[in-house]
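Spelled out from the first residue to the last, the chains are:
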Amino acid sequence: MAFASALVFLSQENRDALVLAQGFSSNAMADFSRIMQIKSLRTLQCLLLLLLYSALSSSSALTWYISGLCSRMCMDLGLHSERTIAVSGKGESTEDEVDAKRRLFWVTYTFRVTRVNEQLAAWNDQALLLSDLTTFITEWWRYWYQNALLILHRPSPTISRPDPQTLLTCYSAAKSLIQLSFIRVHKGPTDFT
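Residues numbered from 1 in each chain as written. Predicted model: local features only at pLDDT ≥ 70, side-chain atom pairs only at ≥ 80, totals over all residues. Heavy atoms only, no water.

An unreviewed UniProt entry annotates the chain as Xylanolytic transcriptional activator regulatory domain-containing protein of Neonectria magnoliae.

Chemist: Would you mind going over the overall build of the chain with me for this structure?
Modeler: Of the regular secondary structure elements, the chain holds nine helices and two strands. In the chain, the succession of α and β elements from N to C terminus is α-α-α-α-α-α-β-β-α-α-α. The C-alpha atoms of the chain give 21 Å as radius of gyration, which overshoots the globular expectation for 193 residues (16 Å, by more than 25%). Excluding contacts between residues fewer than 6 apart, the proportion of contacts in the chain whose partners are at least 24 apart in sequence is 57%. A total accessible area of about 12800 Å² is found for the chain, and carbon and sulfur atoms account for 60% of it. Of note, the chain has its 18 positive side-chain charges centred 4 Å away from the centre of its 16 negative side-chain charges. (Helix = DSSP H or I, 4+ residues; strand = E, 2+ residues; numbered from the N terminus. Rg over C-alpha atoms; globule rule 2.2 N^0.38 Å. Contact = heavy atoms within 4.5 Å. Areas by Shrake-Rupley, 256 points an atom, 1.4 Å probe, with all protein chains shown as cover. Lys, Arg positive; Asp, Glu negative; His and termini not counted. Charge placed at Lys NZ, Arg CZ, Asp CG, Glu CD.)

Chemist: What exactly am I supposed to notice about the side chain of Ser81 here?
Modeler: Its place among the elements puts Ser81 in the loop between helix H5 (63-76) and helix H6 (82-85). At a separation of 3.2 Å, a polar atom in the side chain of Ser81 contacts the main-chain amide nitrogen of Arg83. (Polar contact = N/O pair within 3.5 Å; in protein donor to acceptor, adjacent residues only side chain to side chain.)

Set out below in structure tokens:
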């Protein structure tokens, strides 16, 4: 899948690369069911490569489904917690193993959040383009869109130090929610749910 993903990226310049990418992808997928029988770091790496290939190639594979599989596997393997990340099947994990586990978790998390952000933005754009929207419906949609962004980007015990862009998104969403709530309170007691 690594070769297939690289060739898909190169196919923008050379159409022959896409044919090679599809061949590498088919060969990798032949072993996929065997690989998925065991939950391990290697399996997660294979899933992440498949996810990358699916995102780059716009293939028929459902990226949201594969992303969900990666997220669930991270949880099953204990990669979401510092307590379980240091544990290995042989006892204590080495520093390299702990580092690899952290990287796998954050790659999975980042891809998932990025996809959710893209979907939220697309849905928001589509909703606001509807021609028969009233002011109330537009404000209602904006309120829940900002609420989703706030929940997605807020600091939490597992992400105690988010990056500055994430904090800025969280701040902007909170600010918009306060403004929209203030408008709704002054316009009347209309329910937002």
